[in-house]
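# Structural overview for review
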Amino acid sequence: MAMRVSFDFFVSGFKVGCSISRDSLSFSTFDALPQSSLPSGQSFLVSLVCAFASYVFFRLWRASRFNGVPYNVPVPEQAQEGWKGEVMANPSIKSTSNYLIQCYAPATGVSLGTVAPAYPEDIDAAIKASAAAQEQWAKTSWDERRKFLRTLLKHILDNQDNIATVACLDSGKTKIDAALGEILVTVEKIKYVLGYGEKALVPEQRQTSWPFMCYKKVEVRYEPLGVVAALVSWNYPFHNLLSPIISSTFAGNGIIVKGSEQTAWSSQYYISIVKGALAACGHNPDLVQSIICWPEIAPHLTSHPGISHITFIGSRPVAHHVAASASKTLTPLCIELGGKDAAVILDDTRNLPSVTSILMRGVFQSCGQNCVGIERIVATSKVYPQLVSILESRIAKLRLGSILDDGTGVDCGAVISNVHFSRLEELVADAVRQGARCLIGGRRHIHPKYPKGHYFEPTLVVDVTPSMAIAQNEVFGPICLLMPATSISDAISIANSTEYALGGSVFGGNKKDLDRVTREMRCGMVSVNDFAVYYLNQSLPFGGVKGSGYGRFAGEEGLRSVCNLKAVAVDRFPRIASTAIPGVVDYPLKDGEKGWRFTKGLVELGTMDDGRRICSLAAVGWKDEQSWSDLYTCNRVAACDR
């Protein structure tokens, strides 16, 4: 039977609905509906379908209103096909003739131009501009902030080649390293904030204190701090710049990002992408600011009274200076200082060749310049010799070069600078003197095609012990260390033997052993049978303990860390119950002894169960009516009989 709904019923219902008011509503109102067209079960079903369709239409309309919008950002000429630059005689970011930052490609030594560093007055102006824009930005809705992120996301996805090319030019990495470490994690962060950011930042209801505060409603509100700052490292110039911007702006803040002088050239392009997204959505692009300055100017930013929070990603020595500077204005810090992450390989690890592929990516991603890179492989006795054999064979085949010039025949790119080459060579040599074996590499590499590039040979050092300097110091280069362990307990001890404690990995087949290693590794994050996937899951907080810093970014913890956590208590029923000071404790006190008995009984009343609470009332010894009235007023509980 075909379902039919009387048109008269819908029209009459519409008329009745429009005529109803609070004063005129009664059951007789519905007498105006045609009796012959009252809804049947079928017509009711059609009404539900219509309601659902209306809901879907509304959601689609709402989504279309806040969809990302297209916009264009000029791509630097150096990143365009066919561009050829001049190779510098002595590649360095410091010029001997002026104060400018010299930018160059570490893979080839080709000059990328110069960047004028900021002075204190430039930092003041940037903070002032961001603060002015933030006043309006703080009033935007969640939908408006999501529209900005969708616009940014769309541009990133449409311009992956350009973004990766710029990252490869300025940091020396390969395009695969750029795709994984720059673009993928940035996209995942945007996706997480789009889906769950609002839920993390809406007011959170908390438990009330019973019985005294039963008439109150309490909550935590996550409000913008104002203008925050992020001082980020050079190893991932795109992601490190955008990551704090994504979380800080969604929380309602303005932000000043100080990038590294080593990647000053790419920072200009990347910040223009963010500013372009803001402008395309009708917002003031001054909300986000990029600052590049020499180290002697940075304290002006870190001690600035206009900065409400600082995220620092870098080395421990610099972190001490940042913390000392920030202490002048008591600016809170989130500090991530890298690590000496260990991957523990247990004897029952299955499919060792596949696990070795994960280890290779963990060690040589971005040429080892990765804060959560695998710096130590700790293997128990059964799998140790197998790992030595597999790793030696695979590392020996790694090819160095410039991915933008050599095409697909490159596995590892350049490192950012040759400043630390002597230190790396000495760490390897010192380990060998103490009994370790360097099976591959161990020294700087003069590339025949790019003699001005910064290359270090992919290196394998085995039989490393915890007492060696190379096992204690962050290498931050393409060096694979293999350390033998006699047992699971020994492996855990070795993993915990450094002052660093950022992340870690454990591989094996026995769940009990995996749980034990995960539990006993003293670090901020652990991946089980994998490498660093906790960071790809942006719902998780990121950060370490001990010498790897403190505080967290990513996840709801990261979003909330750039907020003012405001505790709020309001009356649940303001017209019925509100706080009033009982007469027995009201100033000026009429009877101090009586007031003491009252407050003492009040404390006992709040800490007992219901039965004991009633008994305690009698024990207090209040005889007069006023005391009972005072107790009732203070607690807002049901009246008790004397």
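Every chain's residues receive numbers from 1 upward, in the order its sequence appears when written. Side-chain atom pairs in this predicted model are given and counted only at pLDDT of 80 or more, local residue features only at pLDDT of at least 70, and totals for whole chains, interfaces and linings cover all residues. Where side-chain values are given, they derive from all heavy atoms of the structure, hydrogens and water being excluded.

### Focus on the overall build of the protein
In terms of helices and strands, the protein carries 22 helices and 20 strands. Out of the 642 residues in the protein, the part that is buried amounts to 49%. The criterion used for residue contact is that any of the two residues' heavy atoms lie within 4.5 Å. Across the protein, every contact between residues at least 6 apart in sequence was considered, and the portion connecting residues at least 24 apart equals 71%. For the protein, the accessible surface area stands at approximately 30500 Å², while carbon and sulfur atoms represent 56% of it. Put simply, DSSP marks the helices as runs of H or I at least four residues long and the strands as runs of E at least two long, and each gets a number from the N terminus on. The rule is simple: take the accessible area with a 1.4 Å probe, protein chains only, and divide by the maximum for that residue type; under 20% is buried, over 50% is exposed, in between is partly exposed. With residues, only the protein chains shown are counted as cover, and all accessible areas are computed by Shrake-Rupley using a 1.4 Å probe.

### Let's talk about the packing of helix 4 (residues 142-158) against helix 8 (residues 264-280)
Axis separation between helix 4 and helix 8 bottoms out at 9 Å; the angle between their running directions is 130°. Comparing the axis directions of helix 4 and helix 8 gives the class oblique. Regarding helix 4 and helix 8, the two cross each other, and that crossing is right-handed. Contacts between helix 4 and helix 8 involve Phe148, Thr151, Leu152 and His155 from the first element and Ile273, Val274, Ala277, Leu278 and Ala280 from the second. Split into classes, the residues belonging to the contact of helix 4 with helix 8 amount to seven nonpolar, two polar and no charged. Geometry is summarised by axes, namely lines fitted to C-alpha atoms with helices restricted to the contacting stretch, and by angles between N-to-C directions that run from 0 to 180 degrees. These descriptions rest on fixed angle ranges, namely under 35 degrees for roughly parallel, over 145 for roughly antiparallel, 65 to 115 for roughly perpendicular, and the rest for oblique. It is the rotation of the near helix from the far one that decides the hand of a crossing: anticlockwise by less than a right angle makes it left-handed, clockwise makes it right-handed. Polar here means any residue outside two lists: the nonpolar Ala, Val, Leu, Ile, Met, Phe, Trp, Tyr, Cys and Pro, and the charged Asp, Glu, Lys and Arg; Gly therefore counts as polar.

### Here we look at helix 16 (residues 488-495)
Among all positions in helix 16, only Ala491, Ile492, Ile494 and Ala495 are buried. Looking straight down helix 16, one finds its buried side chains confined to an arc of 160°; they lie on one side. Elements in contact with the buried residues of helix 16: strand 10 (342-345), strand 11 (376-380), strand 16 (479-485) and helix 17 (511-520). In this description, one arc is meant: the one made by directions from the helix axis to the C-beta atoms.

### Digging into the confidence of the model for the protein
Confidence scores per residue from the predictor, reported as pLDDT, run from 0 to 100. The pLDDT averaged across the protein works out to 89; a share of 87% of its residues lies at or above 70. The low-confidence segment residues 1-27 (pLDDT under 50) makes 27 contacts with residues lying over four places distant or belonging to another chain. In the predicted structure, residues 619-642 sits below a pLDDT of 50 and forms 45 contacts with residues beyond four places in sequence or in another chain.

### Overview of a nonpolar patch on the surface
Within this analysis, patches are made of residues with over 30% relative accessible area and no salt bridge. Like charges are joined at 9 Å or less; nonpolar side chains (Val, Leu, Ile, Met, Phe, Trp, Tyr) at 5 Å or less. A pair is scored as a salt bridge if a Lys or Arg side-chain nitrogen falls within 4 Å of a carboxyl oxygen belonging to Asp or Glu. Together, Phe44, Leu45, Leu48 and Val49 line one region of the surface with nonpolar side chains, adding up to about 390 Å² of accessible area. The topology assignment puts Leu45 in helix 2 (residues 41-65). Look at Leu45 and you get partly exposed, because its relative accessible area is 43%.

### Remarks on the pattern of salt bridges
For the structure on display, the rule yields 24 salt bridges. A salt bridge links Glu188 to Lys191; the nearest nitrogen and oxygen atoms lie 2.9 Å apart. Within this pair, Glu188 and its partner Lys191 are both found in helix 6 (residues 175-201), separated by three residues, close to a single helical turn. For Glu499, the salt bridge is made with Arg316, and the minimal N-O distance between the two is 2.9 Å.

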